[in-house]
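Structural features, examined
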Amino acid sequence: MKKILIIHTGGTISMLENKETKEVNFFGGSHPLLNELNKLDINAKIDEHIQFDLPSPHITPQHMFLLSQKVSAELPFYDGIVITHGTDTLEETAYFLHLTVKTDKPIIITGAMRSSNEIGSDALYNLICSVRVAMDQKAANKGVLVVMNDEIHSAENVTKTSTSNIATFQSPQFGPLGIITKNAIFFHRTILQQPIFPVNSISKHVILLKAYAGMDCRLLAAVQEIKPDGIVIEGFGQGNLPESVVPALQAFIRASIPVILVSRSFTGTVQPTYSYAGGGKQLKEMGVIFAQGMTGQKARIKLLIALEHTTNLHELESIFESFA
Ligand SMILES: NC(=O)C[C@H](N)C(=O)O
C-alpha cells in the first residue's frame, strides 16, 4: 500500500465560512479536512501534518524554505507528498519547491476557492484528487505539480487567473500537463528536466516592480534607498521600459545588483528587439538579465534562490538563460 503525507499550511482549504456573517477564516477547533480522507475508501496509508495555519498572503520565502526542508526530510518515508496551501501565493510556493526539492517522487500542491462548509466547496474534492495523483507513478519525475479542478499543472507555468472561479489555476500558453477523471489520471505532456538549486537559507531581499505608461524615476529612486539585493521588473511586451527608468536601472547594475526583466504580457518571451531608449536591445546591452517565459512573481522566487548560490551577474544570467 502506498504511503502519502499531507502537509497542511492554511488557506481557504483549511478555513470555514461563518454562516451568519459569511466571512471566511480560521475559526479555531480542529482542521476541517484533518482525517477526512481516512473516512473514505482510498487505498493508501495517509499521514497528516499541520505545518502552518496561515492565509497564503501571510506566507513568506522563509515559510517556503521551512516547507522545502520539511518536504525533503519526509520524502524518504513516503511515496508522495501533498501540500495544502492558500491559492493567493500558491504558485510562488509551488515554484520554490520545484526549484529546491530534489526528488523523483510526486509532490502535489493544492488549495480551494470555497472553504469546506460552503456550497460547491472544492476543498475535499481537490484534496482527494491530489492524493490520487500523488499515488500515481505517472506523476513521478515531473517536478512539483499543482492539482486543482480536475487538472494537473506544472509549477513552472501555472498561475492564478481568476479571483474566485474554481477554474482559476491555468497555464497560459502551455496548458495543463494532464487531467483527472472519475476513474483515471491522464498526462498528455511532460516538462523538460530542470536543474535543482538546493538552499541552506533564504537571506536576500528581492523586490518586484511593474512598468506602467508614464512611469518615471521616482519609484526607482525610492527603491535605491531600500538597497535591495535584486530587482525583478515586469516590462512591456517583448521587454521594453520607459526611457525615464533606464538611468536608475543602470546604476543598480553598476553596483552589481541584478535587474531581471520579464514581461507584463503572460505569454511569449522577452527578447532584445527594439533599440530605442528603454527598448529591449538597449536594456540587454546595459546588462539587464532576461528571464524567459515566466511571471514576475516566479522570476522573483528564482532570483531569491539563485542569489543564495551566486551574486555574480554573468552566472546569474546563465542561470536565468539555462532554464525557464
Ligand atoms: N482561495 C484561497 O485560498 C485564498 C486565500 N485568501 C488564501 O490564499 O489564503
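Refer to the preceding data block for the structure.
The structure presented is a predicted model; accordingly, all values stated were derived computationally and were not measured. (Residues numbered from 1 in each chain as written. Predicted model: local features only at pLDDT ≥ 70, side-chain atom pairs only at ≥ 80, totals over all residues. Heavy atoms only, no water.)

**Points about the side chain of threonine 168**
Definition in use: Segments assigned H or I by DSSP are reported as helices when at least four residues long, segments assigned E as strands when at least two residues long, and all are numbered from the N terminus. Here, residues are in contact when the closest pair of their heavy atoms is within 4.5 Å.
Along the polypeptide, threonine 168 turns up in the loop between strand S9 (159-160) and strand S10 (169-170). Residue contacts for threonine 168: discarding those within four places in its chain leaves Met113, Thr159, Lys160, Thr161 and Ser162.

**Topic: the site of the ligand**
Put simply, the rule is: We call a residue near a molecule or strand when any one of its heavy atoms sits within 4 Å of it. The term polar contact refers here to a pair of N or O atoms within 3.5 Å; inside protein, the definition further demands a hydrogen-donor-capable atom paired with an acceptor-capable atom, and it admits residues adjacent in sequence only when both atoms are side-chain atoms. Charged means Asp, Glu, Lys or Arg here, nonpolar means Ala, Val, Leu, Ile, Met, Phe, Trp, Tyr, Cys or Pro, and polar covers whatever is left, Gly included.
All residues adjacent to the ligand are Gly11, Thr12, Pro55, Ser56, Pro57, Gly86, Thr87, Asp88, Ala112 and Met113. Side-chain polar atom of threonine 87 to a nitrogen atom of the ligand: 2.8 Å apart, as the coordinates give it. Side-chain polar atom of aspartate 88 to a nitrogen atom of the ligand: 2.8 Å apart, as the coordinates give it. Residue classes in the shell around the ligand are distributed as four nonpolar, five polar and one charged.

**Here's the deal with the packing of aromatic side chains**
Condition: Two rings from Phe, Tyr or Trp (for Trp, the six-membered ring) form a pair when their centres are within 6.5 Å of each other. A pair whose planes differ by under 30 degrees is stacked, one over 60 is edge-to-face, and the rest are tilted. Only protein chains enter the accessibility calculation, which uses a 1.4 Å probe. A residue is then buried if its area is under 20% of the maximum for its type, exposed if over 50%, and partly exposed in between. We call a charge positioned over a ring when the NZ of a Lys or the CZ of an Arg lies within 6 Å of the ring centre and within 35 degrees of the ring normal.
What the rule picks out here adds up to one aromatic pair. For the ring pair tyrosine 274 and tyrosine 276, a centre distance of 5.4 Å and an interplane angle of 35° mean the geometry is tilted. Overall, the relative accessible area of 43% leaves tyrosine 276 in the partly exposed class. Across the ring face of tyrosine 95, the terminal group of lysine 298 is positioned such that the distance to the ring centre comes to 5.8 Å.

**Some words on the sheet that holds strand S14 (residues 230-235)**
The cut-off we apply is this: One requirement defines pairing of two strands: DSSP has to find at least two bridges between them.
With parallel pairing, four strands are arranged side by side in an open sheet as S13-S14-S15-S16. Of all strands in the sheet, those bounded by a partner on one side alone are strand S13 (206-210) and strand S16 (289-290). Pairing analysis gives five bridges linking S13 to S14, with the strands arranged parallel. Within S14, the residue paired with leucine 208 across the bridge is valine 232.

**Observations regarding the nonpolar core**
This is how it is decided: Each nonpolar core is a collection of buried residues, namely Ala, Val, Leu, Ile, Met, Phe, Trp, Tyr and Cys, held together in the definition by side-chain atoms within 4.5 Å. Delimitation of the domains relies on an automatic or database domain assignment.
Counting 27 residues, the largest nonpolar core has Phe96, Ile260, Ala299, Leu303 and Ile305 as its most contacted members. For this core, the elements supplying multiple residues, two or more each, are helix H1 (61-74), helix H2 (90-100), strand S15 (259-263), helix H7 (296-306) and helix H8 (313-322). Sorting elements by how many residues they give to this core places H7 first, with six residues. Here this core gathers at least three residues from each of two domains, domain 1 (2-187) and domain 2 (206-322). If near-sequence neighbours (up to four positions away) are discounted, isoleucine 260 is found in contact with Ile231, Val232, Ile233, Ile289, Ala291, Ala299, Leu303 and Phe320. If you look at the next biggest cluster of nonpolar residues, it comprises 26 residues, including Ile6, Leu33, Ala123 and Ala134.

**Overview of the pattern of salt bridges**
As a reminder of what qualifies: A side-chain nitrogen of Lys or Arg and a carboxyl oxygen of Asp or Glu constitute a salt bridge if their distance falls within 4 Å.
Scanning all chains against the criterion turns up nine salt bridges. Of the charged contacts, one joins aspartate 88 and lysine 160 as a salt bridge, the two residues approaching to 2.7 Å between their closest N and O atoms. One end of the pair, aspartate 88, is in the loop between strand S5 (80-84) and H2; the other, lysine 160, is in strand S9, and 72 residues separate them in sequence. Judged by relative accessible area, which is 44%, aspartate 88 ranks as partly exposed. Ionic pairing is found between aspartate 216 and arginine 218, a salt bridge with its closest N-O pair at 2.7 Å. Judged by relative accessible area, aspartate 216 falls into the partly exposed class, the value being 23%. Overall, the relative accessible area of 63% leaves arginine 218 in the exposed class.

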